[in-house]
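Structural overview for review
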Amino acid sequence: MGRVSVKDNKNIYQLKREEVGYTREKASEITGISPDKIEKIENRGVVPYPEEVLAMAEGYREPSLCNHYCSKECAIGKQYVPEVSVKDLRQIVLEMMVSLNGLQSKQNRLMEISIDNTVDDDQISDFIDIQNELEKISVLVETLQFWSEEMLAEGKINKEKYEEIKAKLK
């Protein structure tokens, strides 16, 4: 049995590994990442490669590691990928409905703005407001996807049935 770390500044990779009760050696067996590399990742000596994050996310049954990496560590993702937080399904649906209802009233304004394929100075404020509302919806869609992945990883959604039906609907 490996030693248990008592350091205070554990990063997300170490916290998630410890939550599932894996030593670095066990995590290495599960993920295919060497114990030395896991130690370097956890002690912030190196930023993991995307493939390593994916292996840890799958091995630790923690899809949130992928969003963390993309939104916090990847140079491109920091600019383009929003951080998605864990929410309960009811909260996601309620926020989605509020955003969609709010956007419905802005549809006509967006059509007015886009009719001439430009955004004039007097339209910029409304255009940005609509963009922000669409961004909220985009983040909520990602949050719903994240929730689904969490439930699949925890076995709370039948993975085989989910994938079967998803493949049919593509």
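Our subject in this report is the structure included herewith.

Structural notes on unusual backbone geometry
A positive phi angle is found at Arg-61, which is not glycine, with a value near 55°. Inspection of the secondary structure puts Arg-61 in the loop between helix 4 (50–59) and helix 5 (64–72). One non-glycine residue with positive phi stands out, namely Asn-117, at about 65°. Position of Asn-117 among the secondary structure elements: in the loop between helix 8 (107–114) and helix 9 (124–153). For Asn-117, a relative accessible area of 73% corresponds to the exposed category.

Here's the deal with the environment of Glu-73
With respect to the helices and strands, Glu-73 occurs in the loop between helix 5 and helix 6 (75–80). By relative accessible area, which is 26% here, Glu-73 ends up partly exposed. Through-space distance from the C-alpha of Glu-73 to that of Leu-54 is 14 Å; in sequence the pair is 19 residues apart. Leaving out residues up to four positions away in the same chain, Glu-73 has contacts with Tyr-13, Val-47, Pro-48, His-68 and Lys-78. At 2.7 Å, the side chain of Glu-73 forms a polar contact with the side chain of Tyr-13.

Rules behind the numbers
Residues numbered from 1 in each chain as written. Predicted model: local features only at pLDDT ≥ 70, side-chain atom pairs only at ≥ 80, totals over all residues. Heavy atoms only, no water. Helix = DSSP H or I, 4+ residues; strand = E, 2+ residues; numbered from the N terminus. Buried < 20%, exposed > 50% of the residue type's maximum accessible area, 1.4 Å probe, protein only. Contact = heavy atoms within 4.5 Å. Polar contact = N/O pair within 3.5 Å; in protein donor to acceptor, adjacent residues only side chain to side chain.

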